[in-house]
Amino acid sequence: MVSVVALLAAGCSDTSGGGGTSPPDETTTSDSTSEPAPEPTGAETTQPRQNKPAVEIATLPIGPGAEANQPDDQAKQCVGVSLTGLELPQGATVTYRAPTLSQDDKYFEIDQSGCGGQSPECTGHQVRSGDTPACFAGVRQVTNAEGHHATLIITADATCATAEDCEALKRGGVSQIGFDSRALGGPQPSETPPETPETPAETPAETPSDG
């Protein structure tokens, strides 16, 4: 009896000692796949815009360009305007301002209706290297006297690839387009012709009868 009890006591002894087997540790597995970071929803940042060199051309070198149809109104004239004698460097753009007139007195004024809708008109017209189409400018004569002259002047703004290119364009040139006034005459004739006084009929002389 004593020996049996001893064996039972040994079987119930603490197994946490050095000779016992400890239970396996619990392992925690984590999801190794991580979600991508959300993309920013704000506006994309853009690089600051670099301003090109720019210059004002006081007088463009211009000459007669495309043939312009002339209006029926003798007080108005139209001319095709082309860029002459100015080589535009690569990357340069020239934008025309509104045409003006150089004259001793006011003989003409700018009047685009003189071109009767022919386009493009010169205000805002653009030319580039290898692409210099003509534009149209109209004037109206405001004097009845002939023999007076006015020169067409176009100032422009240019943007260039380099400052050196703009400096070369700044010199501009001379306008070869002018207008000469015509004799427009006096008042318009009346629609009703003036009355012509009637000439009295001649009375034949009486011939004396032979008596």
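**Q** Which parts of the structure should I look at to understand the overall build of the chain?
**A** On a plain count of helices and strands, the chain comes out with two helices and 11 strands. Counting from the amino terminus, the chain carries its helices and strands in the arrangement α-β-β-β-β-β-β-β-β-β-β-α-β. Taken across its 211 residues, the chain has 27% of its residues classed as buried. Long-range contacts, defined here as pairs at least 24 residues apart, represent 80% of the contacts in the chain between residues at least 6 apart.

**Q** What is the right way to look at the packing of aromatic side chains in this model?
**A** Aromatic ring pairs are described here by two measures, namely the spacing of the ring centres and the angle between the planes. Applying the stated criterion across every chain yields a total of one aromatic pair. On the basis of an interplanar angle of 40° and a centroid distance of 6.0 Å, the ring pair of F108 and F179 is categorised as tilted. Here F108, found in strand 6 (residues 108–110), pairs with F179, found in strand 11 (residues 178–180); they are 71 residues apart in sequence, far enough to count as distant.

**Q** Can you walk me through the side chain of T143 in this structure?
**A** Mapped onto the elements, T143 comes out in the loop between strand 8 (135–141) and strand 9 (149–153). The exposure class of T143 is buried, given its relative accessible area of 17%. Within the local environment of T143, its side chain forms a polar contact with the backbone nitrogen of A145, the two atoms lying 3.2 Å apart. Setting aside residues no more than four positions away along its own chain, T143 makes contact with Y107, S181, R182 and L184.

**Q** Help me understand the side chain of Q118, please; the structure alone is not making it clear to me.
**A** The topology assignment puts Q118 in the loop between strand 6 and strand 7 (126–128). Look at Q118 and you get buried, because its relative accessible area is 17%. Looking at Q118, its side chain comes within polar contact range of the main-chain oxygen of C115, at 2.9 Å. Apart from the residues lying within four places of it in its own chain, the contact partners of Q118 are E67, A68, N69, C78, Q112 and F136.

**Q** How should I be thinking about the pattern of salt bridges in this particular structure?
**A** Side-chain pairing between opposite charges can occur once the charged atoms of the two side chains come close. If you walk through the whole model with that rule in mind, you get five salt bridges. Here E109 makes a salt bridge to K106, at a shortest N to O gap of 3.5 Å. On the accessibility criterion, E109 (23% relative accessible area) is partly exposed. Residues E109 and R140 are paired through a salt bridge, measuring 2.2 Å at the closest nitrogen-oxygen approach. A residue pair is termed long-range when its members are at least 10 positions apart, and E109 in strand 6 and R140 in strand 8 qualify at 31 residues. Residues joined in a network through salt bridges with shared partners are K106, E109, D111 and R140.

What counts and what doesn't
Residues numbered from 1 in each chain as written. Predicted model: local features only at pLDDT ≥ 70, side-chain atom pairs only at ≥ 80, totals over all residues. Heavy atoms only, no water. Helix = DSSP H or I, 4+ residues; strand = E, 2+ residues; numbered from the N terminus. Buried < 20%, exposed > 50% of the residue type's maximum accessible area, 1.4 Å probe, protein only. Contact = heavy atoms within 4.5 Å. Phe/Tyr/Trp six-rings, centres within 6.5 Å; stacked < 30°, edge-to-face > 60°. Polar contact = N/O pair within 3.5 Å; in protein donor to acceptor, adjacent residues only side chain to side chain. Salt bridge = Lys/Arg side-chain N within 4 Å of Asp/Glu carboxyl O.

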